[in-house]
Amino acid sequence: MLDGMQTSDPLAVRVRGLRKRYGSARSGYKDAVAGLDLDVSRGEIVAVLGPNGAGKTTTVEILEGFRDRDDGEVRVLGEDPRQAGRAWRARIGVVMQDSRDMNELTILEKVRSTAASYPDSRDPMEVIAAVGLAEKARARTRGLSGGQRRRLDVALGIVGRPELLFLDEPTTGFDPQARRSFWDLVTSLRDGGTTILLTTHYLDEAAQLADRVVVVRDGVVVATGTPDTLGGPGARTPVVAWDDGGVRRTERTDLPTAVVGRLMAAAGPGGEVPGLSITRPTLEDVYLSLIGESSPTDGVGTDNSSRKAA
Ligand SMILES: Nc1ncnc2c1ncn2[C@@H]1O[C@H](COP(=O)(O)OP(=O)(O)OP(=O)(O)O)[C@@H](O)[C@H]1O
């Protein structure tokens, strides 16, 4: 476990009514963030989900102090990032979407030089091993693959032993094995007391890692909950589906066995119910319905309804 620091303030991030507008009178305005509220408790992993352009990166960059805001209240580790100084910056870790410059330095040199700028940094070799780059520690950063650069970004983000870690789409370009070990690393950081705010487009990543999921659309939060409760009590109601003379029928029900029993009775002794399936909507299905996209198991009420077979 990689240990972090703890203080008594229960909220690591508090955002109220955040607004950010891009553009000009001549080119037109775009409300990238349009009145967003967000709380992140200490020791929590929160995943921010949302379609491209929803305002996730803009929000995260405001929280990191890299972007100014037009309106709203923001507290990150008790301070307003707009005014916070170097001591505050040393308490946060940042892994941005774009890799930092890669050059003639080796991984070890780069992680060591970053570590040197923090008052209580982690051991560089320990961090390099934790992101799975131990064998590459003496390789030049210039020659790294996309996934290896991303791992190095993560190493640079955590070497300062941050209390709060921002991860903006951290596993883009990772192979499946690297993603699994990254998830273990993030969980171990959280277990050591680090608070983590992560943006991702991978729903399995959010389901695996997040204590809480926040869905952003058009610059506002449209839903929040644990990965299992997002969307409210009815969102995970099972769906029974079957074929009925070339038409796909579906029924959303808390009593799927009863529906199947009815279908079996209608099919008669030994009869098959064509194309029978029972599915429980996944986090991805719930997410897609929250952002207004169709999902494989949505669009059905408690009564029978039909749609064409896919
Ligand atoms: N520097 C900028 N100047 C003008 N418009 C911008 C700028 N940065 C972002 N935008 C616009 O603001 C909106 C929100 O962008 P943002 O990058 O915050 O979204 P996102 O949710 O992070 O998207 P993605 O999932 O694609 O990373 C988009 O419409 C984007 O085009």
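Computed from a prediction, not measured in an experiment: that's the story for all the values here.

Each value, and the rule that gives it
Residues numbered from 1 in each chain as written. Predicted model: local features only at pLDDT ≥ 70, side-chain atom pairs only at ≥ 80, totals over all residues. Pairing = 2+ DSSP bridges. Helix = DSSP H or I, 4+ residues; strand = E, 2+ residues; numbered from the N terminus. Axes fitted to C-alpha atoms, helices over the stretch in contact; angles between N-to-C directions. Contact = placed C-beta atoms within 7 Å. Core = buried A, V, L, I, M, F, W, Y, C linked by C-beta atoms within 7 Å. Buried ≥ 20, exposed ≤ 12 C-beta atoms within 10 Å, placed from the backbone. Domains from an automatic or database assignment. Near = placed C-beta within 6 Å. Nonpolar A, V, L, I, M, F, W, Y, C, P; charged D, E, K, R; others polar. Parallel < 35°, antiparallel > 145°, perpendicular 65-115°, else oblique. Left-handed = near helix turned anticlockwise from the far one by under 90°. Arc of directions from axis to C-beta.

A.B. asks: How should I be thinking about the sheet that holds strand β1 (residues 11-24) in this particular structure?
C.D. replies: Spatially, β2-β1-β4 is the arrangement adopted by the 3 strands of the open sheet, whose pairing is antiparallel. Looking at which strands have only one partner, the edges of the open sheet turn out to be β2 (28-41) and β4 (71-76). In this sheet, neighbouring strand axes are inclined to one another by 20° on average, regardless of whether the strands run parallel or antiparallel. Running at roughly 120° to β1, helix α1 (residues 56-63) makes contact with β1, β2 and β4 of the sheet.

A.B. asks: I keep staring at the nonpolar core and nothing clicks. Help me out?
C.D. replies: It is characteristic of soluble globular proteins that their nonpolar side chains tend to be buried jointly. Membership of the largest hydrophobic core comes to 60 residues, with the highest contact counts inside it found for Ala 47, Ala 155, Phe 166 and Leu 197. Structurally, this core is a two-domain feature, drawing no fewer than three residues from each of domain 1 (11-225) and domain 2 (233-308). Those residues within four positions of Leu 197 in sequence are excluded, and the remaining contacts are Val 13, Val 40, Val 46, Val 48, Val 60 and Phe 166.

A.B. asks: Honestly, the site of the ligand in this entry has me stumped. Any pointers?
C.D. replies: Residues in close proximity to the ligand include Tyr 22, Lys 30, Ala 32, Gly 50, Asn 52, Gly 53, Ala 54, Gly 55, Lys 56, Thr 57 and Thr 58, which together make up its full environment. Those elements giving two or more residues to the shell around the ligand turn out to be β2 and α1. Counting residues per element, the shell around the ligand draws most heavily on α1, at 3 residues. For the shell around the ligand, the class distribution of residues is 3 nonpolar, 6 polar and 2 charged.

A.B. asks: Would you mind going over the domain arrangement of the protein chain with me for this structure?
C.D. replies: How big an interface is tends to be expressed through the accessible area that disappears when the partners come together. What the domain assignment lists for the protein chain is domain 1 (11-225) and domain 2 (233-308). The centre of domain 1, based on its C-alpha atoms, is set 39 Å off from the matching centre of domain 2. Domain 1 puts 10 residues into the contact, and the matching count from domain 2 is 5 residues. Among the secondary structure elements, those contributing two or more residues to the side of domain 1 that touches domain 2 are α7 (203-209), β8 (212-217) and β9 (220-225). A per-element tally of the side of domain 1 that touches domain 2 places α7 first, with 3 residues. Of the residues in the side of domain 1 that touches domain 2, the class split is 8 nonpolar, 1 polar and 1 charged.

A.B. asks: Sorry if this is basic, but what is going on with unusual backbone geometry here?
C.D. replies: In terms of backbone geometry, most residues other than glycine have negative phi values and most peptide bonds are trans. Even without a glycine there, the phi angle at Leu 77 is positive, about 50°. Structurally, Leu 77 is set in the loop between β4 and α2 (86-89). The backbone of Asp 218 sits at a positive phi, close to 50°, despite the residue not being glycine. Here Asp 218 is to be found in the loop between β8 and β9.

A.B. asks: How do you make sense of the packing of helix α3 (residues 107-115) against helix α5 (residues 146-158) when you look at a structure like this?
C.D. replies: Running from amino to carboxyl end, α3 crosses α5 at an angle of 25°, the nearest separation of the two axes being 9 Å. Put simply, α3 runs roughly parallel to α5. Relative to α5, the crossing made by α3 is right-handed. On α5, the residues that touch Ile 107, Lys 110, Val 111 and Thr 114 of α3 are Leu 152, Ala 155 and Leu 156. Across the contact of α3 with α5, the residue classes break down as 5 nonpolar, 1 polar and 1 charged.

A.B. asks: Teacher, can you tell me more about the sheet that holds strand β7 (residues 195-199) here?
C.D. replies: Note: strands within a sheet are paired through backbone hydrogen bonds, in either parallel or antiparallel orientation. Read across the open sheet, the 6 strands follow the order β5-β6-β7-β3-β8-β9; overall the sheet is mixed. Each of the sheet's edge strands pairs with one partner strand only, and the pair in question is β5 (92-95) and β9. If you compare each strand with its neighbour and ignore which way they point, the axes differ by 15° on average. Sitting on the sheet, α5 touches β5 and β6 (164-168), and the angle it makes with β5 is about 170°.

A.B. asks: Mind showing me how you'd approach the pairing of β6 here?
C.D. replies: The side chains of a regular strand alternate, first on one face of the sheet and then on the other. Burial analysis of β6 places 5 of its 5 residues in the buried class, the great majority of the element. The two faces of β6 match: Leu 164, Phe 166 and Asp 168 on one face and Leu 165 and Leu 167 on the other face are all buried. Relative to β6, β5 runs parallel, the two being bridged by 4 bridges. Bridge pairing links Gly 93 to Leu 165 in β6. Relative to β7, β6 runs parallel, the two being bridged by 5 bridges. Paired with Asp 168 across the bridge in β7 is Thr 199.

A.B. asks: Would you mind going over α3 with me for this structure?
C.D. replies: Helical geometry note: an α-helix holds 3.6 residues per turn, so side chains three or four residues apart project in the same direction. Every buried residue of α3 is accounted for by Ile 107, Lys 110 and Val 111. Along the axis of α3, the buried positions cluster into a sector of 95°, meaning they face one direction only. Taken together, the buried residues of α3 touch α4 (124-130) and α5.

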